[in-house]
Structure formats: C-alpha cells, structure tokens
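Each chain, letter by letter, is given below.
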Amino acid sequence: MTILKGFNMSKLIKVAVIGAGMMGRNHLKTYKTLQGVELVGVYDIFTENAVKAAEMFGIKAFTSLEEVAHNVDAVSVVTTSVAHCEVGEFFLNKGIHCMMEKPLATTEEECMRLINAAKNNNVTLLVGHIERFNPAVEQMGKILSDTSKIRSLTAQRMSAASGRITDVDVAMDLMIHDVEVIQSLVKSEVVNVEAMAVKTKGNESGKDYITALLQFENGATANITASRITQARVRTLAVTTDTNYIDMDFINQSINVHSQGRMPYVNQEEIPEWMNYGLKGSVEQLFIPTNQPLQAELSHFIACVNGLATPRITGENALNALRVIWKIQDALGFARRISTPDIVEKKAA
C-alpha cells in the first residue's frame, strides 16, 4: 500500500470513479491500493458497466451524478473527452475535488469553465497527464533543470491500431502526452507550429500518423511523431543539449546520457595525424527506481486534496498543451469542435 507522508489517518477521503471503461477500472483498482482512501462507488451512464465494476471491486454502483456528489469528497473523471467539461464542472461547483483524465476538455471555453470552477470553489483540479509521474520523466526534469542548455527534442509515441480511442485523432490521443512533457521541460512559449500527416490506403484522413515541428521562444525546437498505425509500441524522448545527448524510454523507465570529448593522448608527436580527430564517447545509464505512474498520480491527487501538495499538472498546464495540439490540428486542416454540446447526465464512459 502507498502511505501518504504527513497524512492524517483519522480522515478518510471518500472517492468515486466516473466512467467504468478500461481506464476507469484502472482507477478503481489503484484507489483500492491507497491507504487513507475509501473507494465508495462508481458511476457510468451505461448501468450494466457500473454494476459489473461495482461487483468486481465490492463498491456501490451509483445511479446518478447527484447521488455520487452526496457521498464523496473527490472523484476521478474518466469519461469520453466531450463529457469532461459538464461532468467536471458539475462536481467542482459542488465543492468536490476532481482528478480529470486528459485532455482537460475539448475547447478553450470548456477548459476555462473548469479552471474557473476549481478556483471559485477552492477545490483541487488535477489533470491526468500520467507521463509526468513516470520516474524517468521526473529524473529528466532534474537533469534539464538548466533549460538554457536544451537545443532540440525528438519524441516518438507509436502503436498499432486500437479500438480503445475512436473519438479523437492521434494528436489529441497520444501526441498530447509528449507535448505536455516537453513544455514542462523547455519552459518556454511555442511560437511556431508546422505539421504533416501520413495518408495511406485505409487511412486517408491522415489522423492516425502525425509529425509536428515546434519552435519555442527561447530558440529550442521539438520534433514530435505520434502514430496509431505502427506495428510496434514505441515511447521515446531524446534531447540534444550543449553538452550531452540524452535518450529516454517511457516504457522501460530508463535514461542514457551520451557525452563526447577529445581522446587523451600522452605523446601527440608519436601518433598518426588522423588520430588527432578521434573522439572519446561515454554513455551513462542512470539508475531510476521504477514505479507505477497511475498509483503515483492518484497518490499525488489525494495529497492535493489533503492540502499536502499542489497539483503537478494544473488546468492551465493542460490548457497550454491543448493550445499546441489545436495549432497542429489547424495546420493539418483537421476540423475540431468549437461549441459545447448539452450533455448533462449523458456522459459516455
């Protein structure tokens, strides 16, 4: 079990999960492992999904959002993206803390509604950019604390076709993870965005393979590729700095630091001239204690609820990442939703 440092064991935080799909069940399973948390129930617009999940975890299947609100201190919102604003705003306005899966919402107006609701009601809004809780990403942030040394970043996030996410393109589904991580490392505004999409037979829309080139105000650049048609699972980030080349694997939670320097010759006169151009390279593989990012993320959420931490990914952070994704979609000519639908109490899991 995960024990929260400084946590008052006499106060249990009552939590429910909104959405009983695959990711919702992951939240349910993880909350069960956290000490100081009482997982009380689950809600889904598809009653049979809620009932199955409730039976699996020995909790209550709520029949309405109102019923949830009367029984909890905090919720994880794990619904479809278009439902995030209505569901999140409902709970935030009732003084209930929200862990919102990414993306925060699907329009800027919706994002601001959520951000303002959290501020106005003095409650926690944490956005689920889970890679920020990957220990390799945490270590990368320490290595790159001097952001002035960053010159270029290259990220690849690729998978084969999956039926899990069908309502958004690959930029909103996968690329947004790397955009948010890179923004957290570079700490500079994106001033230019270019993008290209791969169109293949059976994938004429180009929405399943996208490459974007970002330029930051401080001069750094980032090349980001996301794919849902690649027959391998790849999650990598490489960073070129003034002094090193650093490659990171999100899946293996590993980092290698590559360095080069002139070879140390004792007697320069006794070696062939061509050897004066030789370089000596070294590779350091960092030791990184592994963890389960979702457990770390939900532990952080509960710590925020208890006033022991401040959200690592705020609504503003999540909105900044979305603004870049929207620029990428605009560069590709992809249509995106502008208005907010009326979907209260009709949220899909």
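Residues numbered from 1 in each chain as written. Predicted model: local features only at pLDDT ≥ 70, side-chain atom pairs only at ≥ 80, totals over all residues. Heavy atoms only, no water.

Chemist: When you look at the environment of Asp249 in this model, what are you seeing that I'm missing?
Modeler: Within the element layout of this structure, Asp249 appears in strand S12 (residues 245-249). For Asp249, a relative accessible area of 19% corresponds to the buried category. For Asp249 and Leu237, which are twelve residues apart along the polypeptide, the C-alpha to C-alpha distance reads 6.6 Å. A polar contact of 2.8 Å, which involves the side chain of Asp249, links it to the backbone nitrogen of Ile251. (Helix = DSSP H or I, 4+ residues; strand = E, 2+ residues; numbered from the N terminus. Buried < 20%, exposed > 50% of the residue type's maximum accessible area, 1.4 Å probe, protein only. Polar contact = N/O pair within 3.5 Å; in protein donor to acceptor, adjacent residues only side chain to side chain.)

Chemist: Just to check I follow, could you spell out the nonpolar core for this structure?
Modeler: For soluble globular proteins, nonpolar side chains are generally found buried alongside one another. Counting 79 residues, the largest nonpolar core has Val75, Phe91, Leu104, Met175, Leu237 and Ile328 as the members making the most contacts within it. No other element matches helix H7 (residues 170-186), which puts eleven residues into this core. Not counting chain neighbours up to four residues away, the residues in contact with Phe91 comprise Ile18, Leu65, Val68, Ala69, Val75, Ile96 and Cys98. Counting residues in each nonpolar core, the second largest holds 24 residues, with Tyr31, Leu34, Phe57 and Leu126 among its members. (Core = buried A, V, L, I, M, F, W, Y, C linked by side-chain atoms within 4.5 Å. Contact = heavy atoms within 4.5 Å.)

Chemist: I keep staring at the sheet that holds strand S5 (residues 97-101) and nothing clicks. Help me out?
Modeler: Ordered in space as S3-S2-S1-S4-S5-S6, the six strands form an open sheet in which the pairing is parallel. Each edge of the sheet is formed by a strand with only one pairing partner; in this case those strands are strand S3 (60-61) and strand S6 (125-128). In terms of strand pairing, strand S1 (residues 13-18) meets strand S2 (residues 37-43) through six bridges, oriented parallel. Looking at S2, one finds that Ile13 is bridged to Val37. (Pairing = 2+ DSSP bridges.)

Chemist: Just to check I follow, could you spell out the side chain of Thr225 for this structure?
Modeler: Along the chain, Thr225 turns up in strand S10 (residues 221-227). Reaching out from Thr225, the side chain makes a polar contact with the side chain of Thr211 at a distance of 3.0 Å. With residues near it in sequence (within four places) discarded, Thr225 still touches Ala155, Gln156, Arg157, Met158, Met175, Tyr209, Ile210 and Thr211.

Chemist: Looking at this structure, how should I read the layout of surface pockets?
Modeler: In this approach a probe as big as a water molecule rolls over the atoms, and the regions it shows empty are the leftover space. Volume-wise, the second largest pocket comes out at about 300 Å³. Taken together, 14 residues line the second largest pocket, and the ones lying closest to its centre are Gln183, Ser188, Glu189, Asn317 and Asn320. Elements with a contribution of two residues or more to the lining of the second largest pocket: H7 and helix H9 (315-332). The greatest single-element share of the lining of the second largest pocket, amounting to five residues, is contributed by H9. Taken together, the residues of the lining of the second largest pocket break down into two nonpolar, five polar and seven charged. (1 Å grid on protein atoms, 1.4 Å probe; cavity = no way out; pocket = protein on both sides within 12 Å on 5 of 7 lines; lining within 4 Å. Points joined across faces, edges and corners; volume = space filled by probe spheres on them. Nonpolar A, V, L, I, M, F, W, Y, C, P; charged D, E, K, R; others polar.)

Chemist: So what exactly am I meant to see when it comes to H9 here?
Modeler: For the α-helix, the turn length of 3.6 residues means that residues three or four positions removed from each other point alike. In this model H9 runs 26 Å from its N-terminal to its C-terminal C-alpha over 18 residues, within 8% of the 26 Å that 1.5 Å per residue would give. Three or more residues of H9 are buried, namely Gly315, Ala318, Leu319, Ala321, Leu322, Val324, Ile325, Trp326, Ile328, Gln329 and Leu332. Buried residues along H9 sit against helix H5 (108-121), S6, H7, strand S8 (190-197) and strand S9 (209-216). Gly333 sits one or two positions beyond H9 and adopts a positive phi of about 75 degrees. (Expected span 1.5 Å × (residues − 1).)

Chemist: In this structure, what is going on with the environment of Gln285? I would like to understand it.
Modeler: Mapping Gln285 onto the fold places it in strand S14 (residues 279-285). When neighbours within four sequence positions are excluded, Gln285 is seen to be in contact with Ile255 and Asn256.

Chemist: Can you walk me through unusual backbone geometry in this structure?
Modeler: The residue after Lys102, namely Pro103, is reached through a cis peptide bond having omega -5 degrees. In this structure, Pro103 sits in the loop between S5 and H5. Even without glycine at this site, Gln253 takes up a positive phi of about 55 degrees. Secondary-structure assignment places Gln253 in the loop between S12 and strand S13 (254-262). On the basis of relative accessible area, Gln253 is assigned to the buried category, the value being 10%.

Chemist: Whenever I open this one, helix H4 (residues 84-92) confuses me. Can you help?
Modeler: The buried count for H4 comes to nine of nine residues, which makes it a mostly enclosed element. The set of residues buried in H4 consists of His84, Cys85, Glu86, Val87, Gly88, Glu89, Phe90, Phe91 and Leu92. Looking at the buried side of H4, the elements it contacts are S1, helix H3 (65-69), strand S4 (74-77), S5, H5 and S6.

Chemist: How do you make sense of the confidence of the model for the chain when you look at a structure like this?
Modeler: Caution is warranted with low-pLDDT regions, since their predicted coordinates should not be read in detail. Counting all residues, the mean pLDDT for the chain is 89, and 86% of those residues have values of 70 or more. A low-confidence stretch, residues 1-10 stays under pLDDT 50, and its non-local contacts, those more than four residues away or across chains, total 18 contacts. (pLDDT = per-residue confidence, 0-100.)

Chemist: Any chance you could explain the pairing of S10 here in plain terms?
Modeler: Here is the key point about a regular strand: its side chains alternate between the two faces of the sheet. Where burial is concerned, most of S10 is hidden: five out of the seven residues are buried. Pairing of strand S7 (residues 150-158) with S10 involves seven bridges; the strand directions are parallel. For Gln156, the partnering residue across the bridge sits in S10 and is Thr225. The turn joining S9 and S10, which pair antiparallel and follow one another in sequence, is formed by four residues; a positive phi near 100 degrees is taken by Gly219.

Chemist: Teacher, can you tell me more about the packing of H4 against H5 here?
Modeler: Each packed pair of helices is defined by two parameters, the angle between the axes and the distance between the axes. Contact geometry for H4 and H5: axes closest at 9 Å, N-to-C directions at 10 degrees. In terms of orientation, H4 lies roughly parallel with respect to H5. Contacts between H4 and H5 involve His84, Cys85, Glu86, Gly88, Glu89 and Leu92 from the former and Glu110, Arg113, Leu114, Ala117, Ala118 and Asn121 from the latter. For the contact of H4 with H5, the per-class residue count stands at five nonpolar, three polar and four charged. (Axes fitted to C-alpha atoms, helices over the stretch in contact; angles between N-to-C directions. Parallel < 35°, antiparallel > 145°, perpendicular 65-115°, else oblique.)

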